[in-house]
Amino acid sequence: MRNGLPRTITRWFVAAVASGAIAALLVALGMGVAVLQAVTAAVVFVVVTVLAFAPGLRALRVALQRLQDILQRGQSIHQLAWQELGEWGEILANLWNQAHKATQALQEERALLHAILQRMEEAVLVADEHGALVLANPAAHNLFQLPANYQRRRLTELSLPFQLLELAQRALRTGTPHMGEVQVLHPQERLLDAYAVPLTVGDSSVGVLLVARDLTELKRLEKLRQDFVANVSHELRTPIATLRSLAEALLMGGKDDPEARDRFLSAIAEEAERMGRLIENLLTLARVEAGRQPWRKQPVSVAEVAQQVLNRLRPAAEAKGLTMLCRIADELTVVADPDALTQILFNLVDNAVKYTPQGSVVVEAEQVATPDGEQIAVHVRDTGIGIPPEHLPHIFERFYRVDKARSRQLGGFGLGLSIAKHLAESQGGRITVQSEVGKGSTFTLWLPAASSSAPQAPNR
């Protein structure tokens, strides 16, 4: 006997409380505090039923009944409720507190895991041993266009890439991790780096973890870097070879002939200037792309800048017999860096002059209401050779030339339009193009307007 309780009843009581507490803890780990209270209430009910057959335990039964009522109502348990049970209340209170702490710790771990998965850039999928999807983070939803009711659906039903399914099957079959590249074709083409890891408990397989990282942008940048190195090497190879041959000609006796010497030195100066322009263009492009170029954005008169650009290029245009016109109202202004705007218009007009054998180059501007607000559209129109439709998507790429032979003959590197595009974007604008082979092209620079439009100014 202990405190008047038969030993048999004591063992029953402790066993019931301990097993019930363990069951409550396990359920709480899966479903939370509310379920913990419900299960504990059920355990107390069992104990009350057991004690109903024990004589002389009315006070203990009443206290347990009160505790059962509190738990069933989902209320918090006051310390007095435990104290009314004596040493059994202390046992129950300790078990309750341990289970409650374990539940809180698990909930915190779950919240942390949920936050990590929500913010991961990699797509994460978890499937059970039968291939049914049980978890997917937002990145996986976006990448694979998963339906809202994806849970418990088999991976093969979700239109996942074949290579990804193959990785999952191999990981489940072999019990070892597998990795590889996965190509996604819908809704847009992407290249993924994916790996599959089998999930095991002891010696039993319980599922597979799939993680996929989007390599599309990295691959694109890698290709751009490779193309850039190849193009720069190619562009430098020609002037360097020319300089070497001219220097060798001078060393082999050309320096003794005044006429040949002057011709060779003039060619050397031209090639050196060409290399200098290439390097300057590359540095400009690198600064703009890296965002390290400081800008002085302010209201700038489009007519004033356009007129300056036309004056600089007028000798080259007149040498080809071209007519140059500026039709821009003096009141039209944009918010931009003056030097950036000058460089953009210079590259566009210079390009028009180079590829217009005859006719005219006209610069016009107008104010247009767009979904992004009032903007100034500056049109550079020419009557040149035009651009074939298949080349239009690529003309703003670095080192891209529609006619490579003609471009090199005119001294171009294929960088002017790329620089203009990046400069326009750095000013909050963009460049569009329309062209027809044999009739000419129109490049349009769009920039935020700084003032209202005005009537068109007369031709200059």
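Residues numbered from 1 in each chain as written. Predicted model: local features only at pLDDT ≥ 70, side-chain atom pairs only at ≥ 80, totals over all residues. Heavy atoms only, no water.

Enquirer: Hey, could you run me through the overall build of the chain in this one?
Expert: Each helix and strand counted, the chain has 13 helices and 12 strands in total. For the chain, buried positions account for 40% of its 460 residues. On the chain, roughly 25,700 Å² of surface is accessible, and the fraction owed to carbon and sulfur atoms is 55%. (Helix = DSSP H or I, 4+ residues; strand = E, 2+ residues; numbered from the N terminus. Buried < 20%, exposed > 50% of the residue type's maximum accessible area, 1.4 Å probe, protein only. Areas by Shrake-Rupley, 256 points an atom, 1.4 Å probe, with all protein chains shown as cover.)

Enquirer: Just to check I follow, could you spell out the environment of N311 for this structure?
Expert: With respect to the helices and strands, N311 occurs in helix 10 (residues 302–319). On a C-alpha basis, the gap between N311 and M324 in space is 9.3 Å, while along the polypeptide they are 13 residues apart.

Enquirer: What am I meant to see in the sheet that holds strand 9 (residues 360–370) here?
Expert: Hydrogen bonds between backbone atoms are what pair the strands of a sheet, whose relative direction is either parallel or antiparallel. Across the sheet, which stays open at both edges, the 5 strands sit in the order 7-9-10-12-11 with mixed pairing between neighbours. Looking along the sheet, the strands with just one partner apiece sit at the ends: strand 7 (323–327) and strand 11 (430–436). Across this sheet, the average inter-strand angle for adjacent strands is 20 degrees, counted without regard to direction. Where helix 11 (residues 338–354) meets the sheet, it contacts strand 7, strand 9, strand 10 (373–382), strand 11 and strand 12 (440–448), and its direction lies at approximately 175 degrees from that of strand 12. Packed on one face of the sheet, helix 13 (residues 416–426) meets strand 11 and strand 12 and runs near 140 degrees to strand 11. (Pairing = 2+ DSSP bridges. Axes fitted to C-alpha atoms, helices over the stretch in contact; angles between N-to-C directions. Contact = heavy atoms within 4.5 Å.)

Enquirer: Is there a simple way to explain the sheet that holds strand 4 (residues 190–201) in this structure?
Expert: The sheet built from 5 strands is open, its strands ordered 2-1-5-4-3 with antiparallel pairing. Whereas interior strands pair on both sides, the edge strands pair on one side only; in this sheet they are strand 2 (133–136) and strand 3 (178–184). The mean angle between the axes of side-by-side strands here comes to 25 degrees, regardless of whether they run parallel or antiparallel. Sheet analysis places strand 4 next to strand 5 (residues 204–214), joined by 10 bridges and oriented antiparallel. Of the residues in strand 5, the one forming a bridge with A196 is L210. Contacts between helix 7 (residues 162–174) and the sheet are confined to strand 1 (123–128), strand 3, strand 4 and strand 5, with strand 3 contributing the most and set at about 160 degrees to the helix.

Enquirer: For this particular structure, what's the right way to read the packing of helix 9 (residues 258–290) against helix 13?
Expert: Helix-helix packing: each pair is described by the crossing angle between the helix axes and the interaxial distance. Remark: helix 9 packs on helix 13, axes separated minimally by 10 Å, with the N-to-C direction vectors making an angle of 30 degrees. Compared by their axis directions, helix 9 and helix 13 come out roughly parallel. Crossing geometry of helix 9 relative to helix 13 is assigned as left-handed. When helix 9 is examined against helix 13, the residues N281, T284, L285, V288 and E289 are found in contact with a partner set consisting of S418, I419, H422, L423 and S426. (Parallel < 35°, antiparallel > 145°, perpendicular 65-115°, else oblique. Left-handed = near helix turned anticlockwise from the far one by under 90°.)

Enquirer: Honestly, the pairing of strand 11 in this entry has me stumped. Any pointers?
Expert: It is a general feature of regular strands that their side chains alternate between the two faces of the sheet. Pairing between strand 11 and strand 12: 7 bridges, direction antiparallel. Looking at the pairing, S435 lines up with S441 of strand 12. If you look at the hairpin formed by strand 11 and strand 12, you'll find 3 residues sitting between the two strands, and G438 has a positive phi there, around 85 degrees.

Enquirer: Just checking my understanding: could you explain the nonpolar core for this structure?
Expert: Soluble, globular proteins show a tendency: their nonpolar side chains are buried together. Membership of the largest hydrophobic core comes to 52 residues, with the highest contact counts inside it found for I328, V349, I431 and L445. In terms of residue count, helix 11 provides more of this core than any other element does, 9 residues in total. Counting 26 residues, the second-largest nonpolar core is a separate cluster that includes A136, A140, A168 and V182. (Core = buried A, V, L, I, M, F, W, Y, C linked by side-chain atoms within 4.5 Å.)

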